[in-house]
Amino acid sequence: MLLIIDHQNRASEHRALRSMFEARKRVFIDLLKWDIPALAGRFELDHFDDVDATYLIVTDADGEHLASARLLLTTRPALLDSLFPELVDGPVPQGADVLEITRFCLSPGIGARQRRVARDSLLVGLAEFAFANGIRIYTGVAELAWFRQVERFGWDCQPLGPPRLHGGEALVALRIDIDGSTISRLAAAGIISKAVAVSAARAA
């Protein structure tokens, strides 16, 4: 199941959000060792997890998190322009039709097949959400190895600058251009969604 959560429905989807924040803590703090705080020792969230954030969350039949991404408006300070502007050659893409993908998260501990299905559902969900809501560009920051994977998903993904070291990691700023061919391009690369979106709202 694919949930789309924003300020309009986040109060009714607190279980999915709670499960997502727990998964983010296990991935980004426990597994990847990011030097960021954990709320109550269980949840990973920061000041960007505010009323303007939109979440796409893939859940299992019991409503537990499998995969998720956070979308940030670029008409206000976001992660790329606030924390990583040095990764971009030229201006950071911004505007009402540009959203930033952050905290792309796959739950640890699930099998490889379920992980692939959840990932693909999230990727197609991101493309469908953008196309349905007039979003023309996604931006983001990725470690170099993850950026290489994102490039191979089939959509139009380009670096915004060369890889640069940040905190000992090679990071890349990226843009993904969304148009009417994006979903078919994902499908051509073998990425097809098996999830059903059960709620949808505009991100901006």
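Residues numbered from 1 in each chain as written. Predicted model: local features only at pLDDT ≥ 70, side-chain atom pairs only at ≥ 80, totals over all residues. Heavy atoms only, no water.

**Some words on the overall build of the protein**
Logical step 1: Secondary structure assignment for the protein yields five helices and eight strands.
Logical step 2: Its helices and strands taken in sequence order, the protein reads β-α-β-β-α-β-α-β-α-β-β-β-α from the N to the C terminus.
Logical step 3: Taking the principal axes of the C-alpha coordinates as reference, the protein spans close to 45 × 40 × 35 Å.
Logical step 4: The burial tally for the protein puts 48% of its 204 residues in the buried class.
Logical step 5: Taking contacts inside the protein between residues at least 6 apart in sequence as the whole, the part at least 24 apart equals 71%.
Logical step 6: Of the roughly 9,700 Å² that the protein leaves accessible, carbon and sulfur atoms contribute 55%. (Helix = DSSP H or I, 4+ residues; strand = E, 2+ residues; numbered from the N terminus. Buried < 20%, exposed > 50% of the residue type's maximum accessible area, 1.4 Å probe, protein only. Contact = heavy atoms within 4.5 Å. Areas by Shrake-Rupley, 256 points an atom, 1.4 Å probe, with all protein chains shown as cover.)

**Here's the deal with unusual backbone geometry**
Logical step 1: Positive phi, close to 65°, is recorded for Lys33, a residue that is not glycine.
Logical step 2: Mapped onto the elements of the fold, Lys33 is located in the loop between helix H1 (14–31) and strand S2 (54–59).
Logical step 3: Taking the relative accessible area as the measure of exposure, Lys33 reaches 62% and is therefore exposed.
Logical step 4: Even without a glycine there, the phi angle at Ala40 is positive, about 55°.
Logical step 5: With respect to the secondary-structure elements, Ala40 resides in the loop between H1 and S2.
Logical step 6: A relative accessible area of 66% means that Ala40 is categorised as exposed.

**Digging into the pattern of salt bridges**
Logical step 1: Scanning the model with the defined rule gives 17 salt bridges in all.
Logical step 2: The residue Arg70 makes a salt bridge to Asp49 at a minimum N-O spacing of 3.0 Å. Pair noted here: Arg70 is in strand S3 (residues 65–73) and Asp49 is in the loop between H1 and S2, with a separation of 21 residues, a long-range link.
Logical step 3: Exposure remark for Arg70: the relative accessible area of 0% places this residue in the buried category.
Logical step 4: Residue classification places Asp49 among the buried residues on the basis of a relative accessible area of 11%.
Logical step 5: A salt bridge links Arg136 to Asp97, with the shortest nitrogen-to-oxygen separation between them at 2.9 Å. Remark: Asp97 occurs in the loop between helix H2 (79–83) and strand S4 (98–106) and Arg136 occurs in the loop between helix H3 (112–132) and strand S5 (137–143); sequence separation between them is 39 residues.
Logical step 6: Bridged by salt links that share partners, the residues Arg24, Glu44, Asp46, Asp49, Arg70 and Arg103 form one connected network. (Salt bridge = Lys/Arg side-chain N within 4 Å of Asp/Glu carboxyl O.)

**Quick look at the pairing of S4**
Logical step 1: A large share of S4 lies buried, amounting to nine of its nine residues.
Logical step 2: Taken together, the three bridges between S4 and S5 define a ladder with parallel strand orientation. Looking at S5, one finds that Leu99 is bridged to Tyr138.
Logical step 3: As a crossover connection, the stretch from S4 through H3 into S5 is right-handed. (Pairing = 2+ DSSP bridges. Right-handed = clockwise from strand over helix to strand, strands pointing away.)

**Comments concerning the nonpolar core**
Logical step 1: Membership of the largest hydrophobic core comes to 35 residues, with the highest contact counts inside it found for Leu56, Leu71, Leu122, Leu126, Tyr138, Trp155 and Ile176.
Logical step 2: Among the elements of the structure, strand S1 (2–5), S2, S3, S4, H3, S5, helix H4 (144–151) and strand S8 (169–177) are those that each provide at least two residues to this core.
Logical step 3: The element best represented in this core is H3, accounting for eight residues.
Logical step 4: Filtering out sequence-adjacent residues up to four positions away, Ile176 remains in contact with Ile101, Arg136, Ile137, Tyr138, Val150, Trp155, Asp156 and Cys157.
Logical step 5: Ile5, Ala53, Leu87 and Leu160 belong to the second largest nonpolar core, which has 22 residues in total. (Core = buried A, V, L, I, M, F, W, Y, C linked by side-chain atoms within 4.5 Å.)

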